[in-house]
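The residues making up each chain are set out below.
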Amino acid sequence: MTIEIENLNAYYEGLQAVSDVSMSIPERAVTALIGPSGCGKSTLLRCINRMHEIVPGARVGGGVRLDGADLYAADADPVEVRARVGMVFQRPNPFPTMSIAENVLAGFRLRGERLSKADSESVIERALHSANLWDEVKDRLKRAGTSLSGGQQQRLCIARALASRPDVLLMDEPCSALDPASTQAIEDLIAMLRAEHTVVIVTHNLPQAARVADRVAFMATTETGDGGHLIEYGTTDEMFNHPVRSATQDYIAGRFG
Amino acid sequence: MRIARKRRIADRGFTIALACCGLLALIPLISVVWTTASRGLRRLDWDFFTQSMRGITGAGGGALHAITGTLLITFAATLIAVPIAIGTALWLVEYAAGSTSPVIRALARTVRAVIDVMAGIPSIVAGLFMYAVIAVTVGPGYRSGLAGAMALVIIMVPVVERSGEEVLARVPSELHEAALALGVPKWRMILKVVLPTALPGLVSTLLLGVSRIIGETAPLLLVAGFTDSMNYDLTDGRMVSLPVYVYSQWQNKGVDAAAYDDRAWTAALVLLAGVVLLHGLARLVVRRRNQTR
């Protein structure tokens, strides 16, 4: 699934967060959004599955196309959009009332879609395999999802998102609440996901972006109150080794942000 | 040296004074429990739980009709009040709080203000209100358990709504986002994620609400009336509850006054035990919730 972002503007009540961003995100690749705090990269990410608008007073202008279909068309249903575009958050958020298995099936259960027992089992196994968690939890699928370690919980959340076979997987700083070992596990997983999924990841961690991403987009605010612009966008090699814009060079070199 | 000593003495004195305050507060509590238990035990027998007061003028008889009445009236009031209260709390927390519409915000402020006022209404006023409503709609002589329950609803709704609102507001926003991001409609998210996550807290809220109304006397005296007989029908006829039973045994003693006193104390003991049990249950639920977190 290719993602086309066209002249996207995003606002919070009285405040612009993303300013006129246009970019094309390729399928079956990992694209990282980097930039200093408050540059609108998380907001941009949340526009791709229409989660931005759940904040009271939030607005979006412009468009996002998934393989040509405009997610912001008048007849597009945000609930359906979110079912097609999976999302993983900064802090692992498994449902505390559900077991590991139930958490994986949460998308189906909560949307009211019924699965046969055999289907449920195959979905659970496939999703947990995809999230690289199966071997660790296969003997305790009935235990609470919150009984796992932080890194395992985050992979459980990835499995939950993958279970519904999303077209796109969005990750909003998925490792920022995790220890180095768990971060390593998630990064390995992202490398595996690249083969079959379109992944967009927001990260504060530049070495991480360099390790996991095929393409990198650098965002920054040019003047206060104007929201974040897309400053430069290219392959990981271009962005880290031969950045064109001076702002990108400064950010990569650690001179600001 | 002298200052340090002076300070130590002042500190010691203050500690002792405060400890005495604590003990002082315990005295009436212990006294109430002790008196109720010692006097109530005299009639805590099989008859008390299996007989009504129909045709009894002296010793004997029981409070089966009052126990049944308390259960029925409390159950009916809870059944009506809890959906209203939790529904209101859900609307305030899940819809109104996230609204940018000035109309909805004003409405939410008004609802909160009304509930705050309702929480302060003396229970006798709730009873009088219900009495007036019944006098106008059904007729001035109508008495029933349901009318009593309706009066208790007025008392129970603000209690359950306020604490339910606190419980619902504590459901982490991360779980809301997790559900919405899976493509779950908001109403299903509330039913399948918010309510189950808040359930232990809501149960203790419910139990607190029940223990708030289970001891109410005044409104029931007005609209549910008093009877010596069994009545299983909430919609028809007078129905007595334990607090009203206590009051009437005490107030209208027959020739054998001691028998009436004993029954009143035993009914008070049963009521006290019920409330203590509810509080224990609520604490147990809360503790279990804290352990699972």
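Keep in mind that what you see is a predicted model, and the values were worked out from it rather than measured.

Visitor: Honestly, a positive patch on the surface in this entry has me stumped. Any pointers?
Guide: Residues Arg5(B), Arg7(B), Arg8(B) and Arg12(B) make up a contiguous surface patch of positive charge. Taking the relative accessible area as the measure of exposure, Arg7(B) reaches 58% and is therefore exposed.

Visitor: Got a minute to help me understand empty space enclosed by the protein in this structure?
Guide: The method is simple in principle: a probe with the dimensions of a water molecule rolls over the atoms, and the space it marks as empty is what remains. Counting across every chain of the model gives two cavities of 30 Å³ or more. Of the voids in this model, the largest cavity is the one considered here, and its volume is about 50 Å³. Taken together, Gly86(A), Met87(A), Val88(A), Phe89(A), Asn93(A), Cys157(A), Arg160(A), Ala161(A), Ala178(B), Ala181(B) and Leu182(B) make up the lining of the largest cavity. Elements that contribute at least two residues to the lining of the largest cavity include exactly strand S6 (85-88) and helix H7 (150-163) of chain A together with helix H7 (173-181) of chain B. Reported here for the second largest cavity is a volume of approximately 40 Å³. For the lining of the second largest cavity, the secondary structure elements donating two or more residues are helix H2 (78-84) and S6 of chain A. Among the elements that line the lining of the second largest cavity, the one with the most residues is S6(A), at three residues. A class-by-class count of the residues in the lining of the second largest cavity yields seven nonpolar, two polar and two charged.

Visitor: Got a minute to help me understand the layout of surface pockets in this structure?
Guide: The volume enclosed by the second largest pocket comes to roughly 500 Å³. In terms of lining, the second largest pocket is formed by 23 residues, of which the most central are Ile54(A), Glu94(B), His176(B), Leu180(B) and Lys186(B). Contributions of two or more residues to the lining of the second largest pocket are made by H2 of chain A together with helix H3 (64-96), helix H6 (145-169), H7 and helix H8 (186-213) of chain B. When residues in the lining of the second largest pocket are grouped by element, the largest group, four residues, is from H7(B). Per-class residue counts for the lining of the second largest pocket are 14 nonpolar, three polar and six charged.

What counts and what doesn't
- Residues numbered from 1 in each chain as written.
- Chains lettered and ligands numbered in written order.
- Predicted model: local features only at pLDDT ≥ 70, side-chain atom pairs only at ≥ 80, totals over all residues.
- Heavy atoms only, no water.
- Patch = residues over 30% accessible without salt bridge, like charges linked within 9 Å, V, L, I, M, F, W, Y side chains within 5 Å.
- Areas by Shrake-Rupley, 256 points an atom, 1.4 Å probe, with all protein chains shown as cover.
- Salt bridge = Lys/Arg side-chain N within 4 Å of Asp/Glu carboxyl O.
- Lys, Arg positive; Asp, Glu negative; His and termini not counted.
- Charge placed at Lys NZ, Arg CZ, Asp CG, Glu CD.
- Buried < 20%, exposed > 50% of the residue type's maximum accessible area, 1.4 Å probe, protein only.
- 1 Å grid on protein atoms, 1.4 Å probe; cavity = no way out; pocket = protein on both sides within 12 Å on 5 of 7 lines; lining within 4 Å.
- Points joined across faces, edges and corners; volume = space filled by probe spheres on them.
- Helix = DSSP H or I, 4+ residues; strand = E, 2+ residues; numbered from the N terminus.
- Nonpolar A, V, L, I, M, F, W, Y, C, P; charged D, E, K, R; others polar.

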